[in-house]
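Per-entry structural report
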Amino acid sequence: MTIRMNDLPNNIFIPDLPEIYQIEVSRKCNLSCPMCPRKLFCRKDETEFIDINLIDKLIKEGSLEGSYFIELQMSGEPTLHPQLDKIINKLKPFVAIGLSTNGTNLDLDCLFELDYVTINYNAIKNDPTAIDRIRRFVQRAYRYGKPAIDLQIIELSDWDLDYEILSAEFKHELVLPMFNIRTVPDCFMTIFDKPDRLPVEKELCLNPWLSVSIQANGNVVPCCFSFGDDIVYGNIKELSLYEIWSVYNDEVVKLREEHRAGNYRNICARCYMRSPMLLHWAIFRDSIRRFA
């Protein structure tokens, strides 16, 4: 269903705690992909890895109570975090856990404790060892019984050829219930393309009312496109998530009012998706819950 701005009542239910749909465990990356805009977004605090004590703080303060599925990614490569295994073990009693990876470190044992993994094929398509590495990962996941895996192709030039090649390469693996090949639009056409070429959506984005992402430096931001300091609600080092969302929430309220009025800041004005939290739900519904 498409939600228009005027459809949203003034007394809409707003949860006391938002859904956390991403925790960026790593700002650092080991590749430099041409389609990735991470270098275009600067932060005053360029912390590379989230402090594991912040994970403990979120749990102790009950900040996960509004969440059901958290992905451990944003602008970096999550498998580089030196304590990724400990982070997964801390979170998994409370929520389903996934991550999106460039596929360079698929041999990590802790990945098989996850519920879901996206492998970005475009990041490693020119690596001659990539196909065999992905195949070993899929086969090992089948033996372990998890995670569900999406091999993802970004719809760049010749994406349909990539899809045909991968479908042939993984024809035996595609019969497994936990493996899928999917294609997605180029999320960051919003950064690189001219504004008049953008397929900008006019519907209301629900993220300001329902969900957040958390950067490696502790900043709480509206969504998965918030790579920089464009819109920061607060920092979990200083306040609880409840306080940021429901008490000292001037920036949260301001963003909601802007969206109601259609008066978008640049990062939102150029967005083609709207409500990326709904894509997060679709992944949970179609990949994790279906397989589980």
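What counts, and where the lines are drawn
Residues numbered from 1 in each chain as written. Predicted model: local features only at pLDDT ≥ 70, side-chain atom pairs only at ≥ 80, totals over all residues. Heavy atoms only, no water. Helix = DSSP H or I, 4+ residues; strand = E, 2+ residues; numbered from the N terminus. Core = buried A, V, L, I, M, F, W, Y, C linked by side-chain atoms within 4.5 Å. Buried < 20%, exposed > 50% of the residue type's maximum accessible area, 1.4 Å probe, protein only. Contact = heavy atoms within 4.5 Å. Axes fitted to C-alpha atoms, helices over the stretch in contact; angles between N-to-C directions. Parallel < 35°, antiparallel > 145°, perpendicular 65-115°, else oblique. Nonpolar A, V, L, I, M, F, W, Y, C, P; charged D, E, K, R; others polar. Arc of directions from axis to C-beta. 1 Å grid on protein atoms, 1.4 Å probe; cavity = no way out; pocket = protein on both sides within 12 Å on 5 of 7 lines; lining within 4 Å. Points joined across faces, edges and corners; volume = space filled by probe spheres on them. Patch = residues over 30% accessible without salt bridge, like charges linked within 9 Å, V, L, I, M, F, W, Y side chains within 5 Å. Areas by Shrake-Rupley, 256 points an atom, 1.4 Å probe, with all protein chains shown as cover. Salt bridge = Lys/Arg side-chain N within 4 Å of Asp/Glu carboxyl O.

**Considering the environment of Pro177**
- Within the fold, Pro177 resides in the loop between α5 (159-169) and β6 (179-184).
- With 32 residues separating them in the primary sequence, Pro177 and Gly145 have C-alpha atoms 9.9 Å apart.

**A few points about the nonpolar core**
- Counting residues in hydrophobic clusters, the biggest one holds 66 residues, and the most contacted among them are Ile23, Leu72, Ile119, Leu151 and Tyr233.
- When residues in this core are grouped by element, the largest group, six residues, is from helix α4 (residues 130-144).
- Each residue touching Tyr233, except ones within four places of it in the same chain, is listed here: Pro208, Val212, Val220, Val221, Pro222, Ile244, Trp245, Tyr248, Glu251, Val252 and Leu255.
- Of all hydrophobic cores here, the second largest spans seven residues; its members include Tyr116, Ala148, Ile283 and Phe284.

**Quick notes on the packing of helix α1 (residues 52-60) against helix α2 (residues 84-91)**
- Across the interface, α1 lies against α2 with an axial gap of 10 Å and an inter-helix angle of 5°. With respect to their mutual orientation, α1 and α2 come out roughly parallel. On α2, the residues that touch Ile52, Ile55, Asp56 and Ile59 of α1 are Lys86, Ile87, Lys90 and Leu91.
- By residue class, the composition of the contact of α1 with α2 is five nonpolar, no polar and three charged.

**Thoughts on α2**
- Every buried residue belonging to α2 is among Leu84, Ile87, Ile88 and Leu91, and all of these are buried. Angularly, the buried residues of α2 cover 100° about the axis, an arc narrow enough to put them on a single face.
- Considering only its buried residues, α2 is in contact with α1 and β3 (96-101).

**A look at the environment of Ser211**
- Inspection of the secondary structure assignment puts Ser211 in strand β7 (residues 211-214).
- Taking relative accessible area as the criterion, Ser211 reaches 0% and is therefore assigned buried.
- Along the backbone, Ser211 and Pro15 are 196 residues apart, and their C-alpha atoms lie at a distance of 9.3 Å.
- Here Ser211 is in contact with Pro18, Glu19, Tyr21, Pro222, Trp245 and Met277, once residues within four sequence places are set aside.

**A word on α5**
- If you check which residues of α5 are buried, you get Asp162, Leu166 and Ser167. Along the axis of α5, the buried positions cluster into a sector of 130°, meaning they face one direction only.
- For α5, the secondary structure elements touched by its buried residues are α3 (121-124), α4, β5 (148-154) and β6.

**Regarding the layout of surface pockets**
- Volume-wise, the second largest pocket comes out at about 160 Å³.
- If you go around the second largest pocket, the residues you meet are Cys33, Pro34, Met35, Asn122, Ala123, Lys125, Asn126, Ile154, Leu156, Ser157, Trp159 and Asp162.
- For the lining of the second largest pocket, the secondary structure elements donating two or more residues are α3 and α5.
- Considering only residue class, the lining of the second largest pocket consists of seven nonpolar, three polar and two charged.

**Side note on a nonpolar patch on the surface**
- A surface patch of nonpolar side chains, amounting to about 320 Å² of accessible area, comprises Tyr242, Val247 and Tyr248.
- By the element assignment, Tyr242 lies in helix α8 (residues 241-247).

**A word on empty space enclosed by the protein**
- By the definition in use, this model includes one cavity of 30 Å³ or more.
- Lining the largest cavity are 15 residues, and of these Cys205, Cys223, His259, Cys268 and Cys271 sit closest to its centre.
- Taken together, the elements giving at least two residues each to the lining of the largest cavity come down to α7 (207-210), α9 (250-261) and α10 (266-269).
- The class makeup of the residues in the lining of the largest cavity is eleven nonpolar, three polar and one charged.

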